[in-house]
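Descriptive structure summary
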Amino acid sequence: MIHLPVAVPDLAGALALARTLARSLASTPQVDLGGTTVSAEDAQHVRHWVFCDRIMPGRRRCAREADHVGACLPDDDP
């Protein structure tokens with residue numbers, strides 16, 4: 001587990017930054033992109049999922065954002 005504090009104005013900004021950072025690490029086999037979450041510094045026990053965590057056929061994860069509308073999309077990395 002690596003904790004990387006960042007300064008962003010709101011949850012939407014934190015989620016967008018987390019998606020960008022996670023996707024930039026997609027080729028690193030040690031990183032589980034599907035497990036990416038964000039939380040406020042003073043409420044680290046309240047985590048917000050960045051990506052949909054649903055397992056798709058072929059043991060791949062859905063490539064869409066958490067709480068997306070519509071069908072899941074299988075992909076090797078979100």
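Before reading on, note that the structure itself is shown above.
Below, the structure is looked at part by part. It should be emphasised that the depicted structure is a prediction, and the values quoted were computed from it without experimental measurement.

According to the stated counting rule, one finds one salt bridge in the structure shown. Note that arginine 19 is salt-bridged to glutamate 65, the shortest N-O span being 3.4 Å. Placement of arginine 19 in helix α1 (residues 11-24) and of glutamate 65 in the loop between β3 (61-62) and β4 (74-75) is noted, with a sequence separation of 46 residues between them.

Glancing now at the nonpolar core. Among the nonpolar cores identified, the biggest contains eight residues, and these are Ala14, Leu15, Ala18, Ala22, Leu33, Val38, Val50 and Phe51. No other element matches the four residues that α1 contributes to this core.

A separate point is the state of the cysteines. Each disulfide is one covalent bond, formed between the sulfur atoms of two cysteines. Taken as a whole and judged by the stated rule, the model has zero disulfides. No disulfide involves cysteine 62; its nearest neighbouring cysteine sulfur is the one of cysteine 72, lying 3.6 Å away. The buried category is assigned to cysteine 62, whose relative accessible area is 0%. Judged by its relative accessible area of 13%, cysteine 72 is buried.

The next thing to look at is α1. Over its 14 residues, α1 extends 20 Å from the first C-alpha to the last, a length consistent with the 20 Å expected when each residue adds 1.5 Å. Among the residues of α1, those classed as buried are Ala14, Leu15, Ala18, Arg19 and Ala22. Viewed end-on, α1 has its buried residues packed into an arc of 135°, placing them on one side of the element. For α1, the exposed residues set more than 90 degrees away from the buried face come down to Ala12, Thr20 and Ser24. Buried-residue contacts for α1 involve β1 (37-40) and β2 (43-49).

Parameters at a glance
Residues numbered from 1 in each chain as written. Predicted model: local features only at pLDDT ≥ 70, side-chain atom pairs only at ≥ 80, totals over all residues. Heavy atoms only, no water. Salt bridge = Lys/Arg side-chain N within 4 Å of Asp/Glu carboxyl O. Helix = DSSP H or I, 4+ residues; strand = E, 2+ residues; numbered from the N terminus. Core = buried A, V, L, I, M, F, W, Y, C linked by side-chain atoms within 4.5 Å. Buried < 20%, exposed > 50% of the residue type's maximum accessible area, 1.4 Å probe, protein only. Disulfide = S-S within 2.5 Å. Expected span 1.5 Å × (residues − 1). Arc of directions from axis to C-beta. Contact = heavy atoms within 4.5 Å.

These values are about where atoms sit, not about what they do.
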